Amino acid sequence: GIELKNLNFDGEIASYLLNPSESKYDMLNLLNQYSGINTSGIDADDKNGIAALYVQKLDDIKRNMLTEINKHGMNELFEKIEMPLIEVLSSMECLGFKVDAQILHDIGFELSEEIDKLTGEIYDIAGSEFNINSPKQLGVILFEKLNLPVIKKTKTGYSTDAEVLEELSDKHEIVDKIINYRQLVKLKSTYTDGLISCIGKDGRIHSSFNQTVTATGRISSTEPNLQNIPIKMEQGRRIRKAFVPENDEYVIISGDYSQIELRVLAHISQDKSLINSFVNNEDIHRRTASEVFGIPMDEVTPLQRSRAKAVNFGIIYGQSDYGLSKELKISRKEAKSYIDNYFKRYSGVKDYLDSAILDAKDKGYVTTLMNRIRYIPEINSTNKNVKKFGERLAMNTPIQGSAADIIKIAMVKVYSRIKKEKLKSRLILQVHDELIVEAYKNEIDYMKQLIKSEMENAVKLSVPLVVDINVGNNWYEAK
DNA sequence: TCCGTCACGCACGTC
DNA sequence: GACGTACGTGACGGAG
């Protein structure tokens with residue numbers, strides 16, 4: 001019942017923009033960095049004293065922070081994006097997402113039955129009962145009792161992750177059952193039972209959205225995390241059927257950016273070929289396959305397209321030939337040839353990625369479209385692995401972070417139009433490249449148009465931004 | 001000795 | 001590349 005008004009400065013957020021890698025933005029920290037006073041004598045447990053001092057020094061802190069923000073050209077990012085976003089996120093938290101507990105219970109019950117059945121079968125095959133959830137105990141069964149080959153080790157013992165199990169699957173009948181068991185237990189514990197326990201008295205789930213957690217500018221979601229609800233596998237995807245509108249006067253509308261990160265890459269690199277692909281609205285992975293494998297677009301096989309897709313992902317992450325070879329289960333040499341071919345055909349991308357690394361080296365940080373910064377100290381490490389990691393950060397952060405800038409702009413615009421036009425529809429969720437609106441039925445067509453145009457026109461790039469809109473009676477259907 | 005709390009590593013869900 | 005959560009495990013400390 002209380003409306004937030006006249007928010008114009010938030011010290012935590014200002015400080016986050018000045019260094020998004022910091023783990024805490026508490027008052028003692030801010031005093032220490034921006035008030036100009038010496039905080040070494042302050043007792044960290046004296047919360048009241050710190051708060052009093054913070055308020056006393058607030059004018060200085062604010063002025064110093066704004067000076068720094070100004071120096072980095074982040075005025076617009078701060079004033080027009082992050083500050084207005086506070087109210088948007090607050091609204092999304094308060095509204096929440098209605099969840100049908102019965103659907104989750106039903107799915108949970110099915111999962112329990114299957115888990116029990118698998119558990120019995122696994123015990124029978126193993127010849128003994130043990131805790132399948134314990135990697136330690138599972139390791140003993142697989143690698144000591146059944147004598148399966150050890151593929152990989154962790155700090156503490158045998159690795160039993162999905163990649164390892166995949167490789168062992170044709171060596172012993174127990175392995176597939178364990179893979180299956182793991183999937184089902186994940187669904188049940190995290191998504192069925194986990195989500196049910198988060199449903200509020202109003203029948204809705206109210207996640208927390210944190211604006212100062214990620215180093216790239218993305219927002220994060222906790223208690224529960226609504227940004228990792230299953231979608232890839234049909235079995236898990238059904239969880240989304242439980243996310244429903246308030247009542248039959250509403251529907252769920254989802255608007256998601258098509259290939260936003262590759263479009264951002266096309267824009268910031270100004271690579272001619274990549275820009276051309278998007279301007280001509282081509283199937284981007286098919287085009288990449290055609291370039292990397294040197295064949296016409298209409299001769300690209302499904303396998304080639306899927307490999308090209310992995311190459312595109314790899315480019316965004318700054319992935320090495322080693323990383324790509326593992327991803328595609330091909331030799332390092334073959335992976336290297338894919339990447340080399342890619343950079344030959346998209347030389348603008350290569351030049352840009354090199355320049356991002358140079359930026360990180362001589363300025364110490366990289367920036368996004370809206371001048372958001374991230375320091376990359378790792379890049380000067382004498383440890384080769386740490387240095388390589390820093391290089392990947394330098395390549396990935398401007399891409400991931402610019403995409404985050406763009407959807408934040410869209411969120412502020414969608415939210416303020418809904419508010420100004422007194423619409424009954426409401427923005428309830430963001431999942432990095434997707435916005436979800438609980439839309440009043442009379443407003444469906446209007447909202448589809450509103451979401452699409454505000455998202456697509458959030459910024460002007462050298463390539464079009466394309467948004468796909470879907471409507472349904474639950475989150476599952478709105479895809 | 002028992003029990004609760006905590007930090008950590010591992011595994012895995014999303015974009 | 002960016003996250004958050006569940007679970008098992010081992011260390012720790014207070015209560016009995």
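Residues numbered from 1 in each chain as written. Chains lettered and ligands numbered in written order. Predicted model: local features only at pLDDT ≥ 70, side-chain atom pairs only at ≥ 80, totals over all residues. Heavy atoms only, no water.

### Quick word on the protein's contact with DNA strand C
Lining the immediate surroundings of DNA strand C are 25 residues, of which S134, K136, E223, R392 and L393 lie closest. Expressed as a percentage, the sugar and phosphate content of the atoms of DNA strand C within 4 Å of the protein is 78%. Within the contact set of DNA strand C, a phosphate oxygen lies 2.6 Å away from a backbone nitrogen or oxygen of E223. In this structure, R374 approaches DNA strand C through a side-chain N or O atom, which is 3.0 Å from a phosphate oxygen. (Near = heavy atom within 4 Å. Polar contact = N/O pair within 3.5 Å; in protein donor to acceptor, adjacent residues only side chain to side chain.)

### What to know about the packing of helix α10 (residues 260–269) against helix α17 (residues 384–420)
The contact between α10 and α17 brings their axes to 9 Å, and the two run at 110°. With respect to α17, the element α10 is oriented roughly perpendicular. Side by side, α10 and α17 meet where I260, E261, V264, L265 and I268 of the first sit next to P398, I399, Q400, S402, A403 and I406 of the second. In the contact of α10 with α17, the residues fall into eight nonpolar, two polar and one charged. (Axes fitted to C-alpha atoms, helices over the stretch in contact; angles between N-to-C directions. Helix = DSSP H or I, 4+ residues; strand = E, 2+ residues; numbered from the N terminus. Parallel < 35°, antiparallel > 145°, perpendicular 65-115°, else oblique. Contact = heavy atoms within 4.5 Å. Nonpolar A, V, L, I, M, F, W, Y, C, P; charged D, E, K, R; others polar.)

### So, the packing of aromatic side chains
Considering all chains together, one arrives at 13 aromatic pairs under this definition. The structure contains a cluster of three or more aromatic residues connected by ring pairs, namely F97, F243 and W475. For R237, the ring lying beneath its charged end belongs to Y476, and the centroid distance is 6.0 Å. One residue, R426, lies across the ring of Y250, its end atom 4.6 Å from the ring centre. (Phe/Tyr/Trp six-rings, centres within 6.5 Å; stacked < 30°, edge-to-face > 60°. Lys NZ or Arg CZ within 6 Å of the ring centre and 35° of its normal.)

### Here we look at the domain arrangement of chain A
One widely used convention gives an interface's size as the accessible area the parts lose upon coming together. One can read the domain layout of chain A as domain 1 (11–95), domain 2 (98–205 + 213–222), domain 3 (233–260 + 405–472) and domain 4 (267–400). Both sides together, the interface formed by domain 1 and domain 4 hides about 850 Å², and carbon and sulfur atoms give 54% of it. For the domain 1 face of the interface with domain 4, the top three residues by lost area are P20, H72 and L77, together amounting to 44%. Inspection of the domain 1/domain 4 interface yields one salt bridge. E82 serves as the salt-bridge partner of R372, at 2.7 Å between the closest nitrogen and oxygen. For the pair domain 1 and domain 4, the interface holds two residue pairs in polar contact (both at pLDDT 80 or more). (Domains from an automatic or database assignment. Buried area = accessible area lost by both parts, 1.4 Å probe. Salt bridge = Lys/Arg side-chain N within 4 Å of Asp/Glu carboxyl O.)

### Description of the protein's contact with DNA strand B
The environment of DNA strand B is formed by 21 residues, the closest being T160, A162, R218, N228 and I231. Counted by atom, the contact set of DNA strand B within 4 Å of the protein is 81% sugar and phosphate. The contact in question runs from a phosphate oxygen of DNA strand B to an N or O atom on the side chain of T154, over 3.0 Å. The side chain of R182 places a nitrogen or oxygen atom 3.1 Å from a phosphate oxygen of DNA strand B. It is helix α8 (residues 173–196) that contributes the most residues to the surface near DNA strand B, three residues altogether. Looking at the surface near DNA strand B, its residues break down into six nonpolar, eight polar and seven charged.

### Some words on the pairing of strand β5 (residues 250–257)
The element β5 is extensively covered by neighbouring structure, given that eight of its eight residues are classed as buried. Residues Y250, I252, S254 and D256 of β5 are buried on one face, and the alternating residues V251, I253, G255 and Y257, pointing to the opposite face, are buried as well. The pairing of β5 with strand β10 (residues 467–472) spans six bridges and is antiparallel. Bridge pairing in β10 places G255 opposite I469. (Buried < 20%, exposed > 50% of the residue type's maximum accessible area, 1.4 Å probe, protein only. Pairing = 2+ DSSP bridges.)

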